[in-house]
Amino acid sequence: MITLNDIEEARARFEGHVLRTPLVWSQSFSRITGRDVHLKAECMQRAGSFKIRGALNVLTRLGGEPVVAASAGNHAQALAAAANVRGV
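In every chain, residue numbers begin from 1 and rise along the written sequence. Where totals are concerned, whole chains, interfaces and linings use all residues; where local detail is concerned, this predicted model gives features only for residues with pLDDT of at least 70, and gives and counts side-chain atom pairs only at 80 or more. Hydrogens and water are ignored here; the side-chain numbers use all heavy atoms of the structure.

Caption draft 1: Focus on the nonpolar core. Residues belong to a common nonpolar core when they are buried Ala, Val, Leu, Ile, Met, Phe, Trp, Tyr or Cys residues joined through side-chain atoms within 4.5 Å. Note on exposure labels: buried denotes an accessible area under 20% of the residue type's maximum, exposed denotes more than 50%, and partly exposed covers the range between, all computed with a 1.4 Å probe on protein chains only. Membership of the largest hydrophobic core is limited to 11 residues, which are Ala 10, Phe 14, Val 18, Ile 52, Ala 55, Leu 56, Leu 59, Ala 78, Leu 79, Ala 82 and Ala 83. To qualify as a helix, a DSSP run of H or I must reach at least 4 residues; to qualify as a strand, a run of E must reach at least 2; elements of each kind are numbered from the N terminus. Within the residue set of this core, elements represented by two or more residues are helix H1 (4-14), helix H3 (51-62) and helix H4 (74-86).

Next comes the structure, spelled out in structure tokens:
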């Protein structure tokens, strides 16, 4: 089970290397649901998705060990960006 402490430790690992992306109010989703809906604009993140957070977390914990991405999409782009940040 992932604890709050695990999350805080992961955040500390990638602090300063990821953007704090904004929440954007969605008029259409708010109208459809009858609630205030905000979307997290992770498309503004390095490599275009939230996945750099996980990639940086893992690369930091591996301590320079080589990695291979079995992806040609967002995950591979995030891993490449994270590897660049880590100098791997």
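Caption draft 2: Quick peek at the packing of H1 against H3. Under this scheme, a helix contributes an axis fitted over its contacting stretch, all axes are lines through C-alpha atoms, and angles between N-to-C directions fall in the 0 to 180 degree range. Taken N-terminus to C-terminus, the directions of H1 and H3 make an angle of 90°; their axes are 9 Å apart at the nearest point. Here H1 is positioned roughly perpendicular relative to H3, judged by the angle of their axes. For the pair formed by H1 and H3, the contact residues are Ala 10, Arg 13 and Phe 14 on the first element and Arg 53, Leu 56, Asn 57, Thr 60 and Arg 61 on the second. Classes in brief: Ala, Val, Leu, Ile, Met, Phe, Trp, Tyr, Cys and Pro nonpolar; Asp, Glu, Lys and Arg charged; the others, Gly included, polar. Of the residues in the contact of H1 with H3, the class split is 3 nonpolar, 2 polar and 3 charged. Any angle that is under 35 degrees is reported as roughly parallel, and any over 145 degrees as roughly antiparallel; angles of 65 to 115 degrees are reported as roughly perpendicular and all others as oblique. Every residue pair with non-hydrogen atoms within 4.5 Å of one another is taken to be in contact.

Caption draft 3: Geometry of the environment of Leu 39. Inspection of the secondary structure puts Leu 39 in strand S2 (residues 38-40). Residues Leu 39 and Pro 22 lie 17 residues apart in sequence; the distance between their C-alpha atoms is 8.3 Å. Among all residues touching Leu 39, those that are not within four sequence positions of it are Pro 22, Leu 23, Val 24, Ser 26 and Phe 29.

Caption draft 4: Structural context of H3. Expected helix span is computed as 1.5 Å times (number of residues minus one). Across its 12 residues, H3 extends 17 Å between first and last C-alpha, which sits within 8% of the 16 Å expected from 1.5 Å per residue. Buried within H3 are the following residues: Ile 52, Ala 55, Leu 56, Asn 57 and Leu 59. Buried residues in H3 make contact with H1 and H4.

Caption draft 5: Representation of the packing of H3 against H4. Between H3 and H4, the shortest axis-to-axis distance is 8 Å and the interhelical angle comes to 50°. Comparing their axes, H4 and H3 come out oblique. H4 is crossed by H3, and the crossing has right-handed handedness. For the pair H3 and H4, the contacting residues are Lys 51, Ile 52, Ala 55, Leu 56, Leu 59 and Thr 60 in the first and Asn 74, His 75, Ala 78, Leu 79, Ala 81, Ala 82, Ala 83, Val 85 and Arg 86 in the second. Whether a crossing is left-handed or right-handed is set by the direction in which the near helix is turned from the far one by less than a right angle, anticlockwise for left-handed and clockwise for right-handed.

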